[in-house]
Structure formats: structure tokens, C-alpha cells
There are 2 protein chains.
Amino acid sequence: MAGNTSTPGATVAGRIMAILGAFDDHHPRLPLSDIARRADLPLPTAHRLVGELVRHGALARTDDDYVIGRRLWELGLLAPIASTLRETAAPFLHDIHAATRATVHLAVRDGHQVLYLERMAGRDSVPVVSSVGSVLPLHATGVGKVLLAHAPDDVRRGVLSSLPRVTPYTITQPGRLNEQLKQIRRVGYATTVEEMSLGACSVATPVHRHGQVVAAIGVVVPTLRRDRGGVTAALHVAAQGISRQLGALPPA
Amino acid sequence: MAGNTSTPGATVAGRIMAILGAFDDHHPRLPLSDIARRADLPLPTAHRLVGELVRHGALARTDDDYVIGRRLWELGLLAPIASTLRETAAPFLHDIHAATRATVHLAVRDGHQVLYLERMAGRDSVPVVSSVGSVLPLHATGVGKVLLAHAPDDVRRGVLSSLPRVTPYTITQPGRLNEQLKQIRRVGYATTVEEMSLGACSVATPVHRHGQVVAAIGVVVPTLRRDRGGVTAALHVAAQGISRQLGALPPA
DNA sequence: CGGATGCTTCCGCTCAGTGGAAGAATCGGC
DNA sequence: GCCGATTCTTCCACTGAGCGGAAGCATCCG
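All values reported here derive from a predicted model rather than from experimental measurement.

**Some words on the overall build of chain A**
For step 1, the next point in the chain: Within chain A, the regular secondary structure consists of nine helices and nine strands.
For step 2, the next point in the chain: Its C-alpha atoms put chain A at 65 × 40 × 35 Å along the principal axes.
For step 3, the next point in the chain: Scored against the burial criterion, the 252 residues of chain A give a buried share of 50%.
For step 4, the next point in the chain: Of the contacts formed within chain A by residues at least 6 apart in sequence, a portion of 54% connects residues at least 24 apart.
For step 5, the next point in the chain: A total accessible area of about 11,300 Å² is found for chain A, and carbon and sulfur atoms account for 51% of it.
For step 6, the next point in the chain: Charge centroids of chain A, computed over 27 positive and 20 negative side chains, lie 5 Å from each other.

Structural data, given as C-alpha cells:
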């Protein structure tokens, strides 16, 4: 930046990212004044930078508002967090979905939370709260428990020190969850029973790469009382297939 | 930008977008010197801006290279080009894929080309050249023909004035293709027979929103000689479902 | 029509940004 | 291990891109 600023030290890059950061799930479309307010920038500054971002395709103009532009979508597709795992896993996930008609997830651990990389659902699948790019608690989701079971000790300790209740069935006692995590490591899969969302149960298994658990895949079903073995087997087969292909890729 | 520049008039925003533009499908990971070269920036400038982009999560550092960061992936998910159509269509597309096991596409017209918004393939689906975010010729793909059939006259004229051959079966005569487009508008679906890719045929139908064709969905199959009616019916049902839900959304 | 709201433009000022040069770090061949 | 090549990191005098309050314009709505 150059002179006459109200925020000395702020950079253009920082301002640009603040403008882009004004957009989120709840605010996918924004008028200029809202962008300026949410990015904490004076209106003419926001106006100038937004105009430039539009010219570069990073933002787009609609009738009344601004939205994230196609260029960012294209660039985002290149992010390894999205591309490698998702591309490798997608065909397997599609197969699981085709076989079970259930919602299928691919997720990674993001600090103390689950980050969903992919989600596939048909119209008759159980409604779930996850969406691609969203995060949920590790301890209350199937994929989250898998990732927690295989997380470093300090991460596990941090998560176990605070287990917020989501539904009346959410596990909030550290000892009880820790026993489950041991079981998960032993039997190779995790389950939840309405711990994240009423009416939704899940089964999940780990995905390995070069001997490390790098992701988890899971399905959401209305109940675990039927066909649990079939779902679990399908997940294992898919996880093994994904793991095999990931292992064949050069180290990251 | 400020003094001492080798490119007077260049802005920081433009340089940032040039840096991000250094990445593409063929170069998803790049060392600093390659980024600088591809973005046409001096090394120290690139180094400084890349460092800042990494701090903001727009780029990420791997062992040896830089990659697009998670923040851009998250932002890209918010782009309407990706979110509204894809989210509405995804469950229907999953259903088609589950029923047919074929590769399923969602695409829009992008000027004189097809832009693929979504693609679902199982491991036993016919190999296709498309990928999410990629563009292909309108005249040689099923979804492309649908979009071309419903495109404005000037667009159609522009496309028909140059029909590059992709395979020996690609239609390169404007008159012949135009007859097909009329047929497509009449019967409500399009087909291709190895016009884009040998061994791959496709069926596609339009998706409407508020009376306008805004997208196309299609499947890729090894041959049209079997079950063409079943695939076409499934596509129509899905397209109607998607169109109905799109029509229920507020005007964009 | 008039007030409220949202936006667009202006331009003197200035500090964030610049990049050649130098130095450091890493790599690979011998 | 040495040395040359390659890649990267740092420095800082210089300067022009960026700034934003104020003014003006556009639109909306009662």
C-alpha cells in the first residue's frame, strides 16, 4: 500500500484476502458496502480493489451483488487438499454410493475438527449436516472418530479435554470415547449412533498412504441394525483400493 | 505497486493473480523460480508475494514446491458457477450414476465451449477426457450439442463457422450439424457417437431455469445400441427434477 | 419531490512495494 | 569432500501505486 492509509502496515494482498474473506456460506452474495464493512475497509478502497478483482475473474458482478468468480473456482480445483485425495477416492466413493444409496463422505483431520473433502448423496439418502468444505466435531462423527483414533497423542488429548454435546446421544465422557478409539484401532472401523444428528448413524474406515492414516471414508445410514457388515465390507474394500492408489503416487 | 518497478502500471492485484495463474492442470505444483518465470515477475518480487499468499492460505508450501492453498479451495466452493447448479443437480446426478454406472456430466456453455461443472464416474465407467473445470468443443460432445442447440443465434453461427475435427467421426460440416441441432430441439435430447473420443458415445438433455436452458446433463456410454431409451428417460427425469428445483429458487 | 441509501469519482499525499545485487543454501557430479 | 550450478533469500534507496475523505452521482422508496 502507499500513503494516506487509515491502517498503516496493511498490505494489498492482505486487503484482497480480507475482501474475499467477506464471502462465506451464509454470505455468498454481497453488495459493495457489505463487502467493505465485513473486510473493514473504507468504501472507495473496497470499490477499487473489488473492481480489479472482477477484472481478473476472482469476483463476479451479478445484478445487484458481487459473488466469488469462476477464476477462484478453477484455481481452487487445483488445491491438493481437493485434487489428489478427492480424485483418487471419487470413483470408489461413487461405487459405494451406487451400491448403498447412502450419503458417502471423504474427510480429513483439520486440527481438532473433521474437514469434509467430498460428499455424495442421492435424493433418498439420509439428510446430513455436512457439506464439502465444512468442518464438524471429530468426536461425534464416524469419519471423525476414525481420524481421532489415529491422530497424534497431543491432538487426541486436546480433543478429549472438551467433548461438546451435539445431540442427547453425543459421547461427552473422555474415558468412554477413549475406549471406543481403542476399539476402532483394533477392529478398523468406527460407528456413530445419532451422536451428530438425530436419525443418522454412520460407519467409517481409515484411508492410508505410505502407512499413515491420511483420510477417512464413511457412510451415513438411518440405522446400524441392518446390513452393517455389508456396508463395512464395502467401505473396507474401497478404503483399500484408495490406499493402494495413494501409495502408488510419489511422496508428497 | 510503488517505485523501482520493471513493469510500470502493474498492480499488486494483477501480480497476485499472475502468480496464481502460474498454476494449472499440468503444473499443480511449482517451485518459486518457476512461479516467477511463469508469472513474468522478478524472483524477489515473486518470493515476497508468494510468502504473503502462503501466510493467507491462498498458497501452501510442500516439501519442495508451492501448491494452491486450502483457502482458495474454500472460496472457490462459494462461486455460484459451482455452487447453485452443482448443489441442486448433484443428488440427481448421483441417482443417474447409481442406476447406470456410467460417467455422468453437468455442463454449461462458456462462450463457444462446454464447461464441465461436475463429473461422476465409477471405476468401470467409460474413460472420458472431461474433468471438472475443463472445457471441450460444443459440437463434439452430447452436452455441448444440447447447449449449442439452445444457444443464441450468433453463438451458433460462430461455432458452426469452425468445427475442428477431434476423431474421424467428428461432425465438421455445418449443414449436417445444424440439422442435428434442429432435431435436438425437437426431440429434447442429443447424442454423440465417438465424435469426441473413440469408444465413447453420449446422450444429453437440457436443464431449464425460468424457461431458459441454463445447463445440460449427460451420460457417457460405450455404445448407443443398447438401452438408449432407458438412459434417455433417466436423464429426462433428472433434468426435470433439477429444472423444477432451479425454478423454485429466486431469480439470480 | 425529497430524503435515505448505496455507489462512484477525484487527487494531493505518502508509504508499501520494488528488484538488482549480493549473499546464503542446496543440489549434484566428480 | 570440493566445486560449480542452481535455487532461494535478504537488503534498502527509491518511487509510483495505492490511499480514502470529501464531494458528487445514482437509485430507491414513501
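**Focus on unusual backbone geometry**
For step 1, the next point in the chain: Even without glycine at this site, A:His210 takes up a positive phi of about 55°.
For step 2, the next point in the chain: Tracing the chain through its elements places A:His210 in the loop between strand S8 (201-209) and strand S9 (212-221).

**What about the domain arrangement of chain A?**
For step 1, the next point in the chain: The domain boundaries assigned to chain A delineate domain 1 (12-76) and domain 2 (79-247).
For step 2, the next point in the chain: The C-alpha centroid of domain 2 of chain A is placed 34 Å from the C-alpha centroid of domain 1 of chain A.

**Re the sheet that holds strand S1 (residues 29-30) of chain B**
Residue and element names in this part refer to chain B.
For step 1, the next point in the chain: Read from one edge to the other, the open sheet built from three strands follows the order S1-S3-S2, with strand pairing classed as antiparallel. Of all the strands in the sheet, the pair left with one neighbour each is S1 and strand S2 (59-61).
For step 2, the next point in the chain: Bridging between S2 and strand S3 (residues 66-68) involves three bridges; their strand directions are antiparallel. Residue Ala-60 lies in a different strand from S3, and its bridge partner there is Val-67.

**As for the relation of the copies chain A and chain B**
Taken together, a rotation about one axis and a shift along it account for how the two chain copies relate.
For step 1, the next point in the chain: When chain A is fitted onto chain B, the two copies agree to an RMSD of 0.1 Å after a turn of 180° and an axial shift of 0.1 Å. Taken together, these values place the two copies in the relation of a two-fold axis. Distance from the rotation axis, computed per C-alpha, reaches its smallest value in chain A at A:Ala98: 2.1 Å.
For step 2, the next point in the chain: Comparing interface residues between copies, 100% of those in chain A also sit at the interface in chain B, which points to an isologous, same-surface contact.

**Comments concerning the packing of aromatic side chains**
For step 1, the next point in the chain: One pass over the full model with this rule turns up zero aromatic pairs over all chains.
For step 2, the next point in the chain: Over the face of the ring belonging to A:Tyr66 we find A:Arg61, whose NZ or CZ atom lies 4.5 Å from the ring centre.

**Quick word on the interface of chain A and chain B**
For step 1, the next point in the chain: Residue-level contacts link 54 residues of chain A with 54 residues of chain B.
For step 2, the next point in the chain: When the two sides are added together, the surface that chain A and chain B hide from each other amounts to roughly 4,500 Å², 68% of it contributed by carbon and sulfur.
For step 3, the next point in the chain: Here chain A and chain B share two salt bridges between them.
For step 4, the next point in the chain: A salt bridge links A:Arg70 to B:Asp110; the shortest N-O distance between them is 2.8 Å.
For step 5, the next point in the chain: Where chain A packs against chain B, one counts four residue pairs in polar contact (both at pLDDT 80 or more).
For step 6, the next point in the chain: Counting only elements with at least two residues in the side of chain A that touches chain B, the list comes to helix H1 (12-21), strand S3 (66-68), helix H4 (70-77), helix H5 (80-100) and strand S5 (113-120) of chain A.
For step 7, the next point in the chain: It is H5(A) that contributes the most residues to the side of chain A that touches chain B, 11 residues altogether.

**Describing the environment of B:Asp95**
Residue and element names in this part refer to chain B.
For step 1, the next point in the chain: Mapping Asp-95 onto the fold places it in helix H5 (residues 80-100).
For step 2, the next point in the chain: For Asp-95, a relative accessible area of 13% translates into the label buried.
For step 3, the next point in the chain: It is 20 Å that separates the C-alpha atoms of Asp-95 and Cys-201, two residues lying 106 residues apart in sequence.

**Considering the confidence of the model for chain A**
For step 1, the next point in the chain: Per-residue confidence for chain A gives a mean pLDDT of 91; residues scoring 70 or more make up 98%.
For step 2, the next point in the chain: H5(A) is the least confidently modelled element of chain A, averaging 87 in pLDDT, while helix H6 (residues 142-149) of chain A averages 97, the highest of any element.

So, how was this worked out
Residues numbered from 1 in each chain as written. Chains lettered and ligands numbered in written order. Predicted model: local features only at pLDDT ≥ 70, side-chain atom pairs only at ≥ 80, totals over all residues. Heavy atoms only, no water. Helix = DSSP H or I, 4+ residues; strand = E, 2+ residues; numbered from the N terminus. Buried < 20%, exposed > 50% of the residue type's maximum accessible area, 1.4 Å probe, protein only. Contact = heavy atoms within 4.5 Å. Areas by Shrake-Rupley, 256 points an atom, 1.4 Å probe, with all protein chains shown as cover. Lys, Arg positive; Asp, Glu negative; His and termini not counted. Charge placed at Lys NZ, Arg CZ, Asp CG, Glu CD. Domains from an automatic or database assignment. Pairing = 2+ DSSP bridges. Least-squares fit on C-alpha atoms with pLDDT ≥ 70 in both. Phe/Tyr/Trp six-rings, centres within 6.5 Å; stacked < 30°, edge-to-face > 60°. Lys NZ or Arg CZ within 6 Å of the ring centre and 35° of its normal. Buried area = accessible area lost by both parts, 1.4 Å probe. Salt bridge = Lys/Arg side-chain N within 4 Å of Asp/Glu carboxyl O. Polar contact = N/O pair within 3.5 Å; in protein donor to acceptor, adjacent residues only side chain to side chain. pLDDT = per-residue confidence, 0-100.

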